[in-house]
Amino acid sequence: MARRLPLSPLKRRTHSPESLLDIAARRVAEKWPFQRVEERFERIPEPVQRRIVYWSFPRSEREICMYSSFNTGAEESAATAAEGSDETRLPFRRGIALLESGCVDNVLQVGFHLSGTVTEPATPSEPEVVCSVAISFDRCKITSVTCGCGNKDIFYCAHVVALSLYRVRRPEQVKLHLPISETLFQMNRDQLQKFVQYLITVHHTEVLPTAQKLADEILSQNSEINQVHGAPDPTAGASVDDENCWHLDEEQVQEQVKLFLSQGGYHGSGKQLNLLFSKVREMLKMRDSNGARMLTLITEQFMADPRLALWRQQGTTMTDKYRQLWDELGALWMCIVLNPHCKAEQKAAWLRQLKKWNGVDVCPWEDGNHGNELPNLTNALPQGAHGNQGTRPHRTVFTRAIEACDLHWQDSHLQHIISDDLYTNYCYHDNTENSLFDSRGWPLWHEHVPTACARVDALRSHGYPREALRLAIAIVNTLRRQQQKQLELFRNHKKDLLHKGMTSITNLEGWVGHPLDPIGTLFILSCPHKAPDQDGIEQNADMFYRVSMASEEGESYLALAVETALMGLGQQRIMPDGLYAQEKVCRNEEHLIAKLQEVELDDSLIKIFRKQAVFLLEGGPYSGLGEIIYRESVPMHTFAKYLFTSLLPHDAELAYKIALRAMRLPVLESTAPSGDMSRPHHIVSVVPNRYPRWFTLSHIESQQCELASTMLTAAKGDARKLETVLESIQKNIHSSSHIFKLAQDAFKIATLMDSLPDITLLKVSLELGLQVMRMTLSTLNWRRREMVRWLVTCATEVGVYALDSIMQSWFTLFTPTEATSIVATTVMSNSTIVRLHLDCHQQENLANSARTLALQCAMKDPQNCALSALTLCEKDHIAFETAYQIVLDAATTGMSYTQLFTIARYMEHRGYPMRAYKLATLAMAHLNLSYNQDTHPAINDVLWACALSHSLGKNELAAIIPLVVKSVKCATVLSDILRRCTLTTPGMVALHSRRNSGKLMSLDKAPLRQLLDATIGAYINTTHSRLTHISPRHYSEFIEFLSKARETFLMAHDGHIQFTQFIDNLKQIYKGKKKLMMLVRERFG
């Protein structure tokens, strides 16, 4: 609820009529500088002077509030609440508190000067402080302030507020004197001398030097002070040449803006700058000249921001929030130069300043993308399809304001529109394109739409809300009439255009996302919920129709606002260049839709929705939902989703038509319609080979997905509509991740817990899932495993026939690995069987399909699928044998030793030791362990293979040892194998049983003799290899290695002799390594 500011006593005192003196004095005090009054009349009676001085102080608290807080009235509360700050800390509120608690004292008004003291009460942390406050004023405006508190801020401090409000609310309690010069005029010489001497005595420390200096100058005949007639009087009011404006601390404005910019958007600086912009708008609305002055100071600091040059030099773009601040800066300058009552010399000065800024090299460009080919303000479209693109200079954030300086308000038709609610012409029958009135006699205003809306914004910003509303209504009526004409024009040529399969773009410059935000301007002004009541527009329900409305039965402002928004959102427009411009299109569209969603739709608004929906579908190149659209038109997904949800309860068929038409995304189509360059029937086209990058494409695709999901949800239970939506998704959505999301959404909706599954929607979900599988089969996708698992779950919900179907056509959907390890495995799990309630026959059929799939996968990719195939085929002997044969066939060519060892261990585990042995020997043929690979992961497999061979018998062991000797060159591994083979009798014991009394194998005979010799040879070769690059820190480790070697040497019949010879050789060959050889001699002699 808006908090009303208290009325001054002057406005409450209505018991008797004012005197003619007061009425005249009040008018003079408002408009005339006091010097002009003095020059006009030779002698002004003292009572008249007193009343002029009395009435010259500001009488409204609103301006004082504006200069002591970021916002006034209700806006103040909302803004401070949004900022999360304590409202009572604002200078204006604190000033009221000081006044009401009796802290203002010694108030004195001498002419046009007000002084007093304000006491800040003591706090637990601060002592009481008394501040001396002085205020000068002129023509109901405070022109300067000083306060002993030393406040450094843009706004007045609480003490200035307290003293000012004391004078506004309690004027009769303020002792009022005429200007000090009038008092001095009444004194004789003795009185003047006494006055001066007393003044010097009271303030001798402060004024004595100045007093002496002035006395010296006055006594000097030729001094400058004696050349001037009279003397200055700070209490005598303004001179004729003084500018009449409220006090604004320019230095503080500059310092604050500079500080906020230096913080780079941190610490809430962006919000602070936006609040300053709001303050400028507030000043403009109050028709305060400081609005332009303050904006000039802000702009100068923005232009001096050192980051501009840095960004331009580095070729980087500014941040979004900073970019939006520049947009607001440009829009505010548009408002200022379009002030309908500004003087020509003032506009000329602004134009010079704007051109100066515009010419600076670092001045930001309008589209944020270092290049823009948009038309200027006075032309909706360039001349010809190509325009003048080669020579048009870059447009900066100030270009539109510069162009707006050429606009004027003198057009008589325009003046009639904004000044008269009853401006109509019912006899007007001119039906040409630029008619001044429509067929009902209501006025139209033909101008480039963003420019016309900029006029509306300027009127509203400068405090002319009714005039702004009248112009806005004329613009909306013009848009309606143009829309109808466009529809008729397209219908006349529809057959020809559709036959060619070509379309045109009618707007290079879309209204939504436009720098001037024309639709937002019209919507906010026309919508009763959005137009602030201080604009002077009544907000009661009876005002929803008025004479200025464009239909006989009466139409609400709200209906007008809604229709305007729908027209703007549905306009076919080209996607602009650059990331910022494209993000702005999305942001503005979502912002406008959010405002529409706040409106409660009644029957009259639904009627408008229907009307606009029909135009969207039939509007051809003028509509973003026409039958054929230009390849690079801004997509309509977000808007269509809003229309769909709004229309669905009232007209489902129309809602689906809109949503299905909007699903397309021609920029991703390989055969999208081309642009029509022939410009038929005044429809302007753009260059067809212009393909900018769509930086917001991922966002656009997600919105397309949201639209489809909304339709799927709504279509639950309607098989025909579900089928139509499915076809649209399959045709128009090109992102696998989005299709997968839709499949998941459909699955969730179909299987809600509070109802039976919707089988049609489940089938849609499955169909989308299958499409995702086909799309991602040959591409890398990190979610692929999740997608496959989900598809099997979905197919399970649909039924056994769906599972069988995906297994039959697995090669078009899955990789062999996915088909065996995920699909077939899940299908044959107990949980799937229980979920499907299968009987034995159905179980067997499903298992046969899974085994067939497994064998096909094993044939296609034996390396990754053979083990899974064997596992899946365990219960079917023929299938298992087939899988085993596939492994054998692939073992010699494509399979690695790791894969073969894994399958061999599986075979042993399943009770096929001979098959395991066979696969182990095949694996050994692929293995190669060098002398230094004593931690190789395959060592355990080698040890296991040898143990398996040993357990099977002497022949198997004899067959595998030559393979081991050939593949393994690592001495420690060979010695480990040798030791294990000598512990038990081959073939007499299983791997993990106890030793028995069978005859052990001899190390002097094959096959162990061959293994022993290979082991000794490996130790000798490894020793020489290690000695080549050995360092002292590895000496002790090397001695231990030789000790292990000796154990192996001693296993041979003549091992002792061999080892002694080996050590002697080492001593001879490596005698240079004295320390090492000494350690060898100490250990081995």
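Worth saying up front: this structure is predicted, and the values here are computed from it rather than measured.

S.K.: Let's hear about the overall build of the protein chain: which residues, and what values?
M.R.: Broken down by element type, the protein chain carries 47 helices and five strands. Across the 1085 residues that make up the protein chain, the buried fraction comes to 51%. Looking at the protein chain alone, contacts between residues at least 24 apart form 73% of all its contacts between residues at least 6 apart. Working note: accessible area of the protein chain is about 52,800 Å², and carbon and sulfur atoms make up 53% of it.

S.K.: So what about helix α37 (residues 862-872)? Which residues, and what values?
M.R.: Among all positions in α37, only Pro862, Cys865, Ala866, Ala869, Leu870 and Leu872 are buried. Angular distribution of buried residues about the axis of α37 spans 155°; they occupy a single face of the element. Elements that come into contact with the buried residues of α37 comprise α34 (816-827), α36 (840-860), α38 (877-891) and α39 (897-909).

S.K.: Just give me the short version of helix α43 (residues 971-981), but keep the residues and values in it.
M.R.: α43 sits mainly inside the fold: eight of its eleven residues count as buried. Here α43 has its buried residues at Ala971, Val973, Leu974, Ser975, Asp976, Ile977, Leu978 and Cys981. Looking at the buried side of α43, the elements it contacts are α41 (939-952), α42 (954-967), α44 (1008-1028) and α45 (1035-1049).

S.K.: Lay out the nonpolar core with the relevant residues and their values.
M.R.: Core analysis: the largest hydrophobic core is formed by 199 residues, its most contacted members being Leu712, Phe814 and Leu919. Ranked by residue count, the leading element in this core is helix α23 (residues 557-570), at ten residues. Non-local contacts of Leu919, meaning those with residues more than four positions away in its chain, are made with Tyr884, Val887, Leu888, Leu900, Ile903, Ala904 and Met907. Within the second largest apolar cluster, 95 residues are counted, among which are Ile64, Met294, Leu295 and Leu338.

S.K.: Which residues make up the packing of aromatic side chains, and what values go with them?
M.R.: Applying the stated criterion across every chain, the model contains 25 aromatic pairs. For the pair Phe302 and Trp326, a centre-to-centre distance of 5.3 Å together with 90° between the ring planes defines the contact as edge-to-face. In this pair, Phe302 sits in helix α14 (residues 290-303) while Trp326 sits in helix α16 (residues 320-337), placing the two residues 24 residues apart along the sequence. Residue classification places Trp326 among the buried positions, given a relative accessible area of 0%. Across from the ring centre of Trp409, 4.9 Å away, lies the NZ or CZ of Arg455, which sits over that ring. Just above the ring of Tyr884 sits the side chain of Arg915; from NZ or CZ to the centre is 4.4 Å.

S.K.: I'd like to hear about the sheet that holds strand β3 (residues 129-138), residue by residue, with values.
M.R.: Sheet architecture is open: five strands sit in the order β4-β3-β2-β1-β5, paired in mixed fashion. The strands lining the two open edges of the sheet, one partner per strand, are β4 (141-147) and β5 (175-177). Ignoring strand direction, the axes of neighbouring strands in this sheet form an average angle of 20°. Looking at chain direction, strand β1 (residues 104-110) and strand β2 (residues 113-120) are connected through five bridges and run antiparallel. For Asp105, the partnering residue across the bridge sits in β2 and is Thr117. Helix α4 (residues 46-55) contacts β1, β3 and β5 of the sheet and is inclined by roughly 120° relative to β5. Where helix α7 (residues 91-100) meets the sheet, its contacts fall on β1 and β2, and the angle it forms with β2 comes to roughly 85°.

S.K.: Give me the pairing of β2: which residues, what numbers.
M.R.: Most of β2 sits out of view: six of its eight residues are buried. Taking the residues between adjacent antiparallel strands as the criterion, β1 and β2 are bridged by two residues, where Gly111 takes a positive phi near 60°. For β2 and β3, the ladder comprises eight bridges, and the chain directions are antiparallel. Along β3, the bridge assignment pairs Ser115 with Ala134.

S.K.: Any details on the pattern of salt bridges? Residues and values, ideally.
M.R.: Across all of its chains, the model carries 44 salt bridges by this definition. Residue Asp651 pairs with Arg610 through a salt bridge whose shortest N-O separation is 3.3 Å. Here Arg610 lies in helix α25 (residues 603-618) and Asp651 lies in the loop between α26 (637-647) and α27 (652-662), a separation of 41 residues in the sequence. Taking relative accessible area as the criterion, Asp651 reaches 22% and is therefore assigned partly exposed. Assessed through its relative accessible area of 31%, Arg610 is described here as partly exposed. Across the pair Glu881 and Arg915 runs a salt bridge, and its minimum N-O distance is 2.6 Å. Of the two residues, Glu881 sits in helix α38 while Arg915 sits in helix α40 (residues 913-926), which places them 34 residues apart along the sequence. For Glu881, a relative accessible area of 23% puts it in the partly exposed group. For Arg915, a relative accessible area of 18% puts it in the buried group.

S.K.: Account for the packing of α27 against helix α28 (residues 697-714), naming residues and giving values.
M.R.: Across the interface, α27 lies against α28 with an axial gap of 10 Å and an inter-helix angle of 145°. In the packing of α27 onto α28, the handedness of the crossing is left-handed. For the pair α27 and α28, the contacting residues are Tyr656, Ala659, Leu660 and Ala662 in the first and Leu707, Met711 and Ala714 in the second. The residue inventory of the contact of α27 with α28, partitioned by class, reads seven nonpolar, no polar and no charged.

S.K.: Can you break down the packing of helix α31 (residues 759-776) against helix α32 (residues 784-798) residue by residue, with the values?
M.R.: In contact at an axis separation of 9 Å, α31 and α32 are set at 150° when each is read in the N-to-C sense. Here α31 is positioned roughly antiparallel relative to α32, judged by the angle of their axes. Remark: the crossing between α31 and α32 carries left-handed chirality. Contacts between α31 and α32 involve Ile759, Leu762, Lys763, Ser765, Leu766, Gly769, Leu770, Val772, Met773 and Thr776 from the first element and Arg784, Met787, Val788, Trp790, Leu791, Cys794, Ala795, Glu797 and Val798 from the second. Taken together, the residues of the contact of α31 with α32 sort by class into 13 nonpolar, three polar and three charged.

S.K.: Just give me the short version of a nonpolar patch on the surface, but keep the residues and values in it.
M.R.: There is a patch of nonpolar side chains on the surface, built from Phe195, Val196 and Leu199 and spanning about 230 Å² of accessible area. When you line up the elements, Phe195 lands in helix α10 (residues 189-202). On the basis of relative accessibility, which here comes to 32%, the residue Phe195 falls in the partly exposed class.

S.K.: Go over the pairing of β1 with me, naming the residues and quoting the values.
M.R.: By the bridge criterion, three bridges tie β1 to β5 in an arrangement that is parallel. Bridged to Gln109 within β5 is Leu176.

S.K.: How would you summarise unusual backbone geometry if you had to cite specific residues and measurements?
M.R.: Although it is not a glycine, Asn106 adopts a positive phi angle of roughly 55°. Within the secondary structure, Asn106 sits in strand β1. One non-glycine residue, His837, adopts positive backbone phi at about 55°. On the secondary structure map, His837 appears in the loop between α35 (830-836) and α36. With a relative accessible area of 68%, His837 lands in the exposed category.

S.K.: Which residues make up the side chain of Arg784, and what values go with them?
M.R.: Secondary-structure assignment places Arg784 in helix α32. Residue Arg784 is classed as buried on the basis of its relative accessible area of 7%. Separated by 3.1 Å, the side chain of Arg784 and the backbone oxygen of Met773 make a polar contact. Beyond its immediate chain neighbours, meaning those up to four positions away, Arg784 contacts Val772, Met773, Thr776, Leu777, Leu813, Phe814, Thr815 and Glu818.

S.K.: Summarise the side chain of Thr396; cite the residues concerned and give the values.
M.R.: As for its position among the elements, Thr396 is in the loop between α17 (344-358) and α18 (399-404). According to the relative accessible area criterion, Thr396 is buried, its value standing at 4%. In this structure the side chain of Thr396 is engaged in a polar contact, spanning 2.3 Å, whose partner is the side chain of Asn358. Within the structure, the side chain of Thr396 is placed 3.1 Å from the backbone nitrogen of Phe398, a separation counted as a polar contact. Aside from chain neighbours lying at most four places away, what touches Thr396 is Asn358, Cys363, Pro364, Trp365 and Glu366.

S.K.: Break down the confidence of the model for the protein chain for me, citing the residues and quoting the values.
M.R.: Residues at a pLDDT of 70 or more form 86% of the protein chain, whose mean pLDDT is 83. Confidence scores differ between elements of the protein chain, with helix α6 (residues 73-83) showing the lowest mean pLDDT of 39 and α26 the highest of 97. In this model, residues 1-12 is a region of pLDDT below 50 whose contacts with residues beyond four sequence positions or in other chains number 22 contacts. Note on residues 370-392: pLDDT under 50 across the span, and 47 contacts to partners over four residues away in sequence or across chains.

About the cut-offs
Residues numbered from 1 in each chain as written. Predicted model: local features only at pLDDT ≥ 70, side-chain atom pairs only at ≥ 80, totals over all residues. Heavy atoms only, no water. Helix = DSSP H or I, 4+ residues; strand = E, 2+ residues; numbered from the N terminus. Buried < 20%, exposed > 50% of the residue type's maximum accessible area, 1.4 Å probe, protein only. Contact = heavy atoms within 4.5 Å. Areas by Shrake-Rupley, 256 points an atom, 1.4 Å probe, with all protein chains shown as cover. Arc of directions from axis to C-beta. Core = buried A, V, L, I, M, F, W, Y, C linked by side-chain atoms within 4.5 Å. Phe/Tyr/Trp six-rings, centres within 6.5 Å; stacked < 30°, edge-to-face > 60°. Lys NZ or Arg CZ within 6 Å of the ring centre and 35° of its normal. Pairing = 2+ DSSP bridges. Axes fitted to C-alpha atoms, helices over the stretch in contact; angles between N-to-C directions. Salt bridge = Lys/Arg side-chain N within 4 Å of Asp/Glu carboxyl O. Left-handed = near helix turned anticlockwise from the far one by under 90°. Nonpolar A, V, L, I, M, F, W, Y, C, P; charged D, E, K, R; others polar. Parallel < 35°, antiparallel > 145°, perpendicular 65-115°, else oblique. Patch = residues over 30% accessible without salt bridge, like charges linked within 9 Å, V, L, I, M, F, W, Y side chains within 5 Å. Polar contact = N/O pair within 3.5 Å; in protein donor to acceptor, adjacent residues only side chain to side chain. pLDDT = per-residue confidence, 0-100.

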